[in-house]
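Chains, contacts and geometry: an overview
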Amino acid sequence: MKDPLKTGHAERLAAASEAKKAMLAKMKPKPTVTAPVFESREALRARELEAVRQARAEAKEAARLGALAREAADLEAKRGERRERKALTKAEQKAQRDAKYAARKARQR
């Protein structure tokens, strides 16, 4: 039977050699393409962790300031109540003095 492609021994060796070269080229490592602004995972984690810490610190500071404001408001309310009690006490004392004075004047007449 005649070979329709007329491939001889030399042609088959050349084709095998070409196939081997193609297989080797396929196995070669290809150059990787990296992003120009590439950040490592550690840097990303560190930045996210810092952002979370900052947010927590701000929340903690806001809570602390809120507590201080509440304490100041409570203290001011207590002081206001004490001032009112003192004012009432002074008014009562003045009323008692006036009553004593009026009684003394009534006795003298």
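Summary of the structure given here. (Residues numbered from 1 in each chain as written. Predicted model: local features only at pLDDT ≥ 70, side-chain atom pairs only at ≥ 80, totals over all residues. Heavy atoms only, no water.)

**What to know about the overall build of the protein chain**
The line we're drawing: Helical segments are the DSSP runs of H or I of at least four residues, strand segments are the runs of E of at least two, and each set is numbered from the N terminus. Under the convention used here, a 1.4 Å probe and the Shrake-Rupley method define accessible areas, while residue burial counts only the protein chains that appear.
Regarding its fold elements, the protein chain presents two helices and zero strands. Per element, the accessible surface of the protein chain, about 11,000 Å² overall, is 59% carbon and sulfur.

**What to know about helix α1 (residues 9–27)**
The condition is simple: Multiply 1.5 Å by the residue count of a helix minus one, and that product is the helix's expected span. Type-normalised accessible area, obtained with a 1.4 Å probe on protein chains alone, sets the label of each residue: buried when under 20%, exposed when over 50%, and partly exposed for intermediate values.
Between the first and last C-alpha of α1 there are 27 Å, a value that for 19 residues agrees with the 27 Å anticipated at 1.5 Å per step. The buried count for α1 comes to zero of 19 residues, which makes it a mostly uncovered element.

**Brief notes about a positive patch on the surface**
Stated precisely, the cut-off is as follows: Patch criteria: residues need more than 30% relative accessible area and no salt bridge. Like-charged residues are merged within 9 Å; nonpolar side chains of Val, Leu, Ile, Met, Phe, Trp and Tyr are merged within 5 Å. Salt bridge criterion: a side-chain nitrogen from Lys or Arg within 4 Å of a carboxyl oxygen from Asp or Glu. Under the counting rule used here, the positive set is Lys and Arg, the negative set is Asp and Glu, and His together with the chain ends is not counted. For charged residues, the charge sits on one atom: NZ in Lys, CZ in Arg, CG in Asp, CD in Glu.
On the surface, R82, R85, K86 and K90 cluster together into a positively charged patch. Looking at the element boundaries, R85 is found in helix α2 (residues 41–108). Exposure remark for R85: the relative accessible area of 51% places this residue in the exposed category.

**What to know about the pattern of salt bridges**
Applying the stated criterion to the full structure yields three salt bridges. One salt bridge in this structure joins E76 and R83, with 3.6 Å as the shortest N-O distance. Here E76 falls in the partly exposed class, since its relative accessible area comes to 41%. Overall, R83 belongs to the exposed group, its relative accessible area being 53%. Notably, a salt bridge pairs K94 with D98, separated by 3.5 Å at the nearest N-O pair. Of this pair, K94 and D98 both sit in helix α2, four residues apart, which is roughly one turn of that helix. Relative accessible area serves as the criterion here: at 44%, K94 is assigned to the partly exposed category. Overall, D98 belongs to the partly exposed group, its relative accessible area being 41%.

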